[in-house]
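The primary structure of each chain is shown beneath.
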Amino acid sequence: MAAEDGEQVSGVSALLNQGAEGKLYIGHHNGTRCLVKERFSKKYRHPDLDVQLTRQRIKAEHKAFERCKAAGVDTPKLLDVDLTGRKIYMEYLEQAKTAKQHVDEAVREGNGDGSKIVHLAKEIGRVVGLLHGHNIIHGDLTTSNVLLDPAVPEGFVLPYRLVMIDFGLSYHSLNVEDMGVDLYVLERALLSAHSEVPKFFELVLESYKEHNNYKVSETIAKYEEVRARGRKRTMIG
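(A) Structural view of the nonpolar core. Counting residues in each nonpolar core, the largest one holds 42 residues, and the members touching the most others are Leu 120, Met 164 and Phe 200. Among the elements that take part in this core, helix H3 (residues 115-133) stands out by supplying eight residues, more than any other. Those residues in contact with Met 164 that sit more than four places away from it in its chain are Val 73, Asp 74, Thr 75, Pro 76, Val 127, Leu 131, His 138, Leu 141, Asn 145 and Val 146. In this structure, Leu 16, Ile 58, Phe 65 and Tyr 92 belong to the second largest nonpolar core, which totals nine residues.

(B) Structural detail: helix H5 (residues 200-211). With twelve residues, H5 extends 17 Å from end C-alpha to end C-alpha; this agrees with the ideal 16 Å at 1.5 Å per step. Among the residues making up H5, those that are buried are Phe 200, Phe 201, Val 204, Leu 205, Ser 207 and Tyr 208.

(C) Structural context of the packing of H3 against helix H4 (residues 176-193). Taken N-terminus to C-terminus, the directions of H3 and H4 make an angle of 155°; their axes are 11 Å apart at the nearest point. The pairing of H3 with H4 is recorded here as roughly antiparallel in orientation. Considering only the axes of H3 and H4, their crossing is right-handed. Counted together, Ile 124, Val 128 and His 132 of H3 and Met 179, Asp 182, Leu 183 and Leu 186 of H4 form the full contact between these two elements.

(D) Region of the structure containing the confidence of the model for the protein. This prediction gives the protein a mean pLDDT of 89; 90% of its residues lie at or above 70. Low pLDDT (under 50) marks residues 1-10, which in the prediction has 17 contacts with non-local residues, meaning those over four places away or in another chain.

(E) Focus on the sheet that holds strand S9 (residues 161-164). Taken together, three strands build an open sheet; the order of strands is S6-S8-S9 and the sheet is antiparallel. Two strands close off the open sheet at either side, each with one partner strand: strand S6 (97-98) and S9. Here S6 pairs with strand S8 (residues 146-149) via two bridges, running antiparallel. Opposite Thr 98, over in S8, you have Leu 147 as the bridge partner. Where H3 meets the sheet, its contacts fall on S8 and S9, and the angle it forms with S9 comes to roughly 45°.

Calculation rules
Residues numbered from 1 in each chain as written. Predicted model: local features only at pLDDT ≥ 70, side-chain atom pairs only at ≥ 80, totals over all residues. Heavy atoms only, no water. Core = buried A, V, L, I, M, F, W, Y, C linked by side-chain atoms within 4.5 Å. Buried < 20%, exposed > 50% of the residue type's maximum accessible area, 1.4 Å probe, protein only. Helix = DSSP H or I, 4+ residues; strand = E, 2+ residues; numbered from the N terminus. Contact = heavy atoms within 4.5 Å. Expected span 1.5 Å × (residues − 1). Axes fitted to C-alpha atoms, helices over the stretch in contact; angles between N-to-C directions. Parallel < 35°, antiparallel > 145°, perpendicular 65-115°, else oblique. Left-handed = near helix turned anticlockwise from the far one by under 90°. pLDDT = per-residue confidence, 0-100. Pairing = 2+ DSSP bridges.

The structure is reproduced here in C-alpha coordinates:
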(Lines give C-alpha, C1' and ligand atoms only; values in the text may rest on other atoms or scores of the structure.)
Protein backbone atom coordinates (compact mmCIF):
# COMPACT_ATOMS: atom_id res chain seq x y z
CA MET A 1 0.00 0.00 0.00
CA ALA A 2 1.39 3.38 -0.95
CA ALA A 3 1.38 6.12 1.63
CA GLU A 4 -0.13 9.51 0.83
CA ASP A 5 1.86 12.67 1.50
CA GLY A 6 0.76 15.49 3.74
CA GLU A 7 -1.35 13.58 6.24
CA GLN A 8 -0.17 14.12 9.83
CA VAL A 9 -1.72 13.22 13.18
CA SER A 10 -0.19 12.91 16.62
CA GLY A 11 2.38 10.11 16.68
CA VAL A 12 1.55 9.11 13.12
CA SER A 13 3.44 9.79 9.91
CA ALA A 14 1.51 8.70 6.81
CA LEU A 15 -2.02 7.77 5.78
CA LEU A 16 -2.34 4.38 4.11
CA ASN A 17 -6.07 3.99 3.72
CA GLN A 18 -9.37 5.54 4.72
CA GLY A 19 -12.69 3.74 4.98
CA ALA A 20 -16.16 4.50 6.24
CA GLU A 21 -15.26 3.71 9.86
CA GLY A 22 -11.69 4.91 10.21
CA LYS A 23 -8.21 5.62 8.91
CA LEU A 24 -5.12 3.44 8.74
CA TYR A 25 -1.73 5.08 9.24
CA ILE A 26 1.92 4.17 9.47
CA GLY A 27 3.21 5.29 12.85
CA HIS A 28 5.52 4.33 15.71
CA HIS A 29 4.99 2.64 19.03
CA ASN A 30 7.85 2.65 21.53
CA GLY A 31 10.26 3.29 18.68
CA THR A 32 8.88 0.49 16.50
CA ARG A 33 7.27 1.19 13.14
CA CYS A 34 3.67 0.05 13.28
CA LEU A 35 0.17 0.42 11.90
CA VAL A 36 -2.28 2.74 13.62
CA LYS A 37 -6.00 2.30 13.10
CA GLU A 38 -7.98 5.36 14.12
CA ARG A 39 -11.77 5.41 14.35
CA PHE A 40 -12.80 8.97 13.66
CA SER A 41 -15.74 10.81 15.15
CA LYS A 42 -19.10 10.64 13.33
CA LYS A 43 -20.49 14.17 13.38
CA TYR A 44 -24.08 13.05 12.74
CA ARG A 45 -24.14 11.18 16.08
CA HIS A 46 -24.69 12.67 19.49
CA PRO A 47 -21.18 13.14 20.93
CA ASP A 48 -21.82 10.91 23.95
CA LEU A 49 -23.28 8.14 21.80
CA ASP A 50 -20.39 8.41 19.36
CA VAL A 51 -17.85 7.98 22.17
CA GLN A 52 -19.76 5.01 23.59
CA LEU A 53 -20.11 3.20 20.25
CA THR A 54 -16.48 3.83 19.30
CA ARG A 55 -15.24 2.46 22.63
CA GLN A 56 -17.44 -0.63 22.25
CA ARG A 57 -16.14 -1.34 18.75
CA ILE A 58 -12.49 -0.84 19.68
CA LYS A 59 -12.93 -3.16 22.66
CA ALA A 60 -14.64 -5.74 20.42
CA GLU A 61 -11.78 -5.57 17.93
CA HIS A 62 -9.27 -5.93 20.76
CA LYS A 63 -11.16 -8.99 22.00
CA ALA A 64 -11.14 -10.47 18.48
CA PHE A 65 -7.33 -10.36 18.45
CA GLU A 66 -7.26 -12.29 21.73
CA ARG A 67 -9.77 -14.88 20.51
CA CYS A 68 -7.84 -15.38 17.28
CA LYS A 69 -4.67 -16.04 19.24
CA ALA A 70 -6.47 -18.66 21.32
CA ALA A 71 -7.86 -20.23 18.12
CA GLY A 72 -4.44 -20.46 16.48
CA VAL A 73 -5.30 -17.85 13.83
CA ASP A 74 -2.51 -15.43 12.95
CA THR A 75 -3.19 -11.69 13.11
CA PRO A 76 -0.81 -8.74 13.33
CA LYS A 77 0.51 -8.44 16.87
CA LEU A 78 -1.55 -6.05 18.94
CA LEU A 79 0.77 -3.44 20.46
CA ASP A 80 -1.55 -1.05 22.26
CA VAL A 81 -5.12 0.22 22.50
CA ASP A 82 -5.89 3.89 23.14
CA LEU A 83 -9.60 4.29 23.88
CA THR A 84 -9.33 8.03 24.48
CA GLY A 85 -7.45 8.62 21.25
CA ARG A 86 -9.67 6.10 19.37
CA LYS A 87 -6.62 4.18 18.14
CA ILE A 88 -5.35 0.63 17.89
CA TYR A 89 -1.61 0.10 17.41
CA MET A 90 -0.55 -3.11 15.69
CA GLU A 91 2.35 -4.80 13.97
CA TYR A 92 3.21 -3.57 10.46
CA LEU A 93 3.97 -6.52 8.18
CA GLU A 94 5.97 -4.61 5.59
CA GLN A 95 6.73 -7.58 3.32
CA ALA A 96 3.19 -8.94 3.27
CA LYS A 97 0.82 -8.68 0.33
CA THR A 98 -2.91 -9.27 0.23
CA ALA A 99 -4.43 -12.52 -0.94
CA LYS A 100 -6.17 -10.45 -3.62
CA GLN A 101 -2.80 -9.37 -5.02
CA HIS A 102 -1.63 -12.99 -4.94
CA VAL A 103 -4.67 -14.19 -6.90
CA ASP A 104 -4.47 -11.33 -9.39
CA GLU A 105 -0.81 -12.16 -10.02
CA ALA A 106 -1.63 -15.83 -10.61
CA VAL A 107 -4.37 -14.89 -13.07
CA ARG A 108 -2.06 -12.54 -14.99
CA GLU A 109 0.50 -15.36 -15.19
CA GLY A 110 -2.14 -17.68 -16.64
CA ASN A 111 -2.26 -19.82 -13.49
CA GLY A 112 -5.76 -19.05 -12.30
CA ASP A 113 -6.44 -22.75 -11.80
CA GLY A 114 -2.93 -23.72 -10.73
CA SER A 115 -1.34 -24.77 -7.46
CA LYS A 116 -0.92 -21.18 -6.16
CA ILE A 117 -4.68 -20.72 -6.13
CA VAL A 118 -5.43 -24.21 -4.79
CA HIS A 119 -2.99 -23.82 -1.89
CA LEU A 120 -4.31 -20.37 -1.02
CA ALA A 121 -7.95 -21.49 -1.17
CA LYS A 122 -7.24 -24.41 1.13
CA GLU A 123 -5.41 -22.16 3.57
CA ILE A 124 -8.24 -19.61 3.61
CA GLY A 125 -10.72 -22.43 4.20
CA ARG A 126 -8.59 -23.76 7.05
CA VAL A 127 -8.37 -20.39 8.78
CA VAL A 128 -12.07 -19.52 8.38
CA GLY A 129 -12.85 -22.99 9.71
CA LEU A 130 -10.72 -22.25 12.77
CA LEU A 131 -12.46 -18.91 13.27
CA HIS A 132 -15.93 -20.43 13.15
CA GLY A 133 -14.80 -23.44 15.17
CA HIS A 134 -14.02 -20.97 17.94
CA ASN A 135 -17.25 -19.00 17.36
CA ILE A 136 -15.52 -15.96 15.84
CA ILE A 137 -17.46 -14.15 13.12
CA HIS A 138 -15.16 -11.97 11.02
CA GLY A 139 -17.90 -9.91 9.38
CA ASP A 140 -15.93 -8.80 6.31
CA LEU A 141 -14.28 -11.84 4.74
CA THR A 142 -12.57 -10.73 1.54
CA THR A 143 -9.19 -11.46 -0.04
CA SER A 144 -8.26 -7.84 0.73
CA ASN A 145 -8.54 -8.66 4.44
CA VAL A 146 -6.15 -11.61 4.21
CA LEU A 147 -2.40 -10.99 4.20
CA LEU A 148 0.28 -13.40 3.01
CA ASP A 149 3.38 -12.82 5.11
CA PRO A 150 6.59 -14.35 3.70
CA ALA A 151 8.31 -14.21 7.09
CA VAL A 152 7.52 -17.80 8.09
CA PRO A 153 9.17 -20.23 10.52
CA GLU A 154 11.71 -22.73 9.20
CA GLY A 155 10.05 -25.85 7.83
CA PHE A 156 6.75 -24.08 7.11
CA VAL A 157 4.95 -25.86 4.26
CA LEU A 158 3.85 -22.78 2.30
CA PRO A 159 6.13 -19.84 1.38
CA TYR A 160 3.89 -17.57 3.47
CA ARG A 161 1.71 -17.57 6.55
CA LEU A 162 -1.85 -16.37 6.28
CA VAL A 163 -2.63 -13.38 8.50
CA MET A 164 -6.18 -12.17 9.04
CA ILE A 165 -6.81 -8.43 9.36
CA ASP A 166 -9.62 -5.88 9.84
CA PHE A 167 -11.79 -7.17 12.66
CA GLY A 168 -13.80 -3.96 12.88
CA LEU A 169 -17.06 -5.84 12.20
CA SER A 170 -16.18 -9.03 14.07
CA TYR A 171 -18.04 -10.50 17.02
CA HIS A 172 -18.43 -13.70 19.04
CA SER A 173 -21.40 -15.90 18.21
CA LEU A 174 -22.65 -19.47 18.67
CA ASN A 175 -25.30 -18.90 15.99
CA VAL A 176 -24.71 -21.03 12.88
CA GLU A 177 -26.70 -18.57 10.76
CA ASP A 178 -24.12 -15.89 11.58
CA MET A 179 -21.46 -18.28 10.33
CA GLY A 180 -23.50 -19.03 7.23
CA VAL A 181 -23.77 -15.30 6.51
CA ASP A 182 -20.00 -14.98 6.99
CA LEU A 183 -19.47 -17.70 4.36
CA TYR A 184 -21.95 -16.06 2.00
CA VAL A 185 -20.15 -12.72 2.33
CA LEU A 186 -16.91 -14.49 1.43
CA GLU A 187 -18.49 -16.22 -1.56
CA ARG A 188 -19.89 -12.94 -2.91
CA ALA A 189 -16.53 -11.22 -2.38
CA LEU A 190 -14.69 -13.96 -4.28
CA LEU A 191 -17.17 -13.92 -7.17
CA SER A 192 -16.89 -10.15 -7.40
CA ALA A 193 -13.11 -9.80 -7.09
CA HIS A 194 -12.01 -13.04 -8.74
CA SER A 195 -14.55 -13.99 -11.39
CA GLU A 196 -11.67 -15.49 -13.41
CA VAL A 197 -11.36 -18.21 -10.75
CA PRO A 198 -14.91 -19.64 -10.52
CA LYS A 199 -13.90 -22.65 -8.38
CA PHE A 200 -12.15 -20.56 -5.73
CA PHE A 201 -14.98 -20.64 -3.18
CA GLU A 202 -15.65 -24.33 -3.82
CA LEU A 203 -12.04 -25.09 -2.84
CA VAL A 204 -12.32 -22.83 0.20
CA LEU A 205 -15.48 -24.59 1.33
CA GLU A 206 -13.94 -28.06 1.02
CA SER A 207 -11.11 -27.08 3.33
CA TYR A 208 -13.48 -25.23 5.67
CA LYS A 209 -15.49 -28.41 6.23
CA GLU A 210 -12.32 -30.25 7.23
CA HIS A 211 -11.19 -27.69 9.79
CA ASN A 212 -14.38 -26.41 11.42
CA ASN A 213 -15.28 -28.63 14.35
CA TYR A 214 -18.35 -26.67 15.47
CA LYS A 215 -21.70 -27.72 13.94
CA VAL A 216 -20.24 -27.65 10.44
CA SER A 217 -23.19 -29.49 8.83
CA GLU A 218 -25.67 -27.04 10.35
CA THR A 219 -23.51 -24.11 9.28
CA ILE A 220 -23.35 -25.31 5.67
CA ALA A 221 -27.12 -25.80 5.67
CA LYS A 222 -27.60 -22.24 6.93
CA TYR A 223 -25.15 -20.93 4.34
CA GLU A 224 -27.26 -22.62 1.63
CA GLU A 225 -30.40 -20.98 3.04
CA VAL A 226 -28.74 -17.54 3.12
CA ARG A 227 -27.44 -18.08 -0.41
CA ALA A 228 -30.92 -18.99 -1.65
CA ARG A 229 -32.40 -15.87 -0.04
CA GLY A 230 -29.67 -13.76 -1.62
CA ARG A 231 -30.36 -15.21 -5.06
CA LYS A 232 -34.09 -14.58 -4.64
CA ARG A 233 -33.50 -10.93 -3.72
CA THR A 234 -31.21 -10.56 -6.75
CA MET A 235 -33.83 -12.02 -9.09
CA ILE A 236 -36.65 -9.89 -7.70
CA GLY A 237 -34.46 -6.77 -7.51
